[in-house]
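Breakdown of the fold
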Amino acid sequence: MKKTLSLIISLIFIFVSSVQAFALEPTEGQLVDLKGYGIMEGDPDGELRLGDNINRSEAVKMACSLLGLVPQDGQSSSFPDIAPGHWASGWIDMAHSIGLVEGDDNGNFRPQDSVTNEEYIKLLVIALGFEPMADARGGFPAGYTMVASQQGITEGFEFEVNAPAKRGDIAIMTARALDIPLMVQTGFGSQIEYSVLDGKNGKDLLTLRYNIDPIAKERGEAARKAEEIANNNADAKEEDVPRFDGDEYEGRLVQVQNLKKIDETTFEFTDDYFGDKVTYVITSDTYVYMSENTIPLSAIENGRYAQIWYRANDNGKVIILKIELMENNPNTAK
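Here we summarise the structure given alongside this text.

Here is what the cut-offs are and how they apply
- Residues numbered from 1 in each chain as written.
- Predicted model: local features only at pLDDT ≥ 70, side-chain atom pairs only at ≥ 80, totals over all residues.
- Heavy atoms only, no water.
- Helix = DSSP H or I, 4+ residues; strand = E, 2+ residues; numbered from the N terminus.
- Buried < 20%, exposed > 50% of the residue type's maximum accessible area, 1.4 Å probe, protein only.
- Contact = heavy atoms within 4.5 Å.
- Areas by Shrake-Rupley, 256 points an atom, 1.4 Å probe, with all protein chains shown as cover.
- Core = buried A, V, L, I, M, F, W, Y, C linked by side-chain atoms within 4.5 Å.

Looking only at helices and strands, the protein chain has 10 helices and 10 strands in total. For the protein chain, the residues scored as buried account for 39% of the 334 residues in total. If you take every contact in the protein chain between residues at least 6 apart in sequence, the share linking residues at least 24 apart comes to 61%. Taken as a whole, the protein chain presents about 19,300 Å² of accessible surface, with 49% of it coming from carbon and sulfur.

Structure (structure tokens):
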């Protein structure tokens, strides 16, 4: 009996240890994002205390920072239990003014109380614009946790009901929220409608990261456009690509120089190496190849040799119809 009991205890210990070992932890990239955007800051020693509970003041500061909001100094709080000079007073009042948080039945905010996972999930869902969807699915807490699950915020988590949220779990969910497409109201009055700005079906892509980091938005849109162009080119079968070998076309060898990006779908370059001053133009309609594979426009770079085809009667700027980039300097180069 003692051996059996000992075996059971050992198995329980192993199981509990395994659950703890496989607990989710924020990645280095997620922590870099949260620190870099000022969403999550450490204590005076720089420690993030990921195993600690998070209180209501800290949670509100994170949610407002996620939205790119900056509080005004010197305002008295609308909550009677927020003492003058409280470090989070401006954050709390800002969150209250935009409907992100409310007081309790007595009008208090309770800044030091721990936040539950469900409460913080609600903050994220509201920040992402999915509040109408969550309310339509039962409201707090079930509707909000359902939406959060569908959007991938809580993937891999199994939270205990009404348990205090840990800072490490909050970090993961907040970092995930950065790249979830936002839902916005697109219809008003009697025709209220909402749309998710996911970059599909002619919609722009908009995320919380894009709101607080214009450079990330620029890079993301450029990458998305390049991928779209590459996919469009890849969809064309080799036999469907025009050969441009008729009398109305010309072909020649060039070396790409002075490459300039005009917009997301247009590049220009010159070819001083071969002795002319013509400006060549590459557009989204240009077939772009290297080693018989289609590549995006963004892969074109200065110094690269290429074979191009264009209309013989082009004057001034020459619109390239097809360009095949070469990996090495061809033998015919002077």
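That covers the picture; the talk isn't over yet.
Core analysis: the biggest nonpolar cluster contains 53 residues, and Val60, Tyr120, Val125, Leu128 and Met173 have the highest contact counts within it. Setting aside chain neighbours within four positions, we find Met173 in contact with Tyr120, Ile121, Leu124, Ile153, Thr154, Phe157 and Phe159. Counting residues in each nonpolar core, the second largest holds 18 residues, with Phe267, Phe269, Ile282 and Ile300 among its members.

Residue Pro141 follows Phe140 across a cis peptide bond; omega there is 0°. Mapped onto the elements, Pro141 comes out in the loop between helix H6 (131–136) and helix H7 (142–150). With a phi angle near 60°, Asn162 is a residue other than glycine that sits in the positive phi range. Within the fold, Asn162 resides in the loop between H7 and helix H8 (167–177). In this model, Asn201 sits at a positive phi of 55°, which is unusual for a non-glycine residue. Position of Asn201 relative to the elements: it lies in the loop between strand E2 (193–196) and helix H9 (208–212).

All right, on to the environment of Leu31 then. Turning to its location among the elements, Leu31 is positioned in helix H2 (residues 28–36). Take Leu31: its relative accessible area is 11%, and that puts it in the buried class. The spatial distance from the C-alpha of Leu31 to the C-alpha of Leu48 is 9.4 Å, given a sequence separation of 17 residues. When residues no more than four places from it in sequence are discounted, the contact partners of Leu31 are Pro26, Leu48, Leu50 and Ala171.

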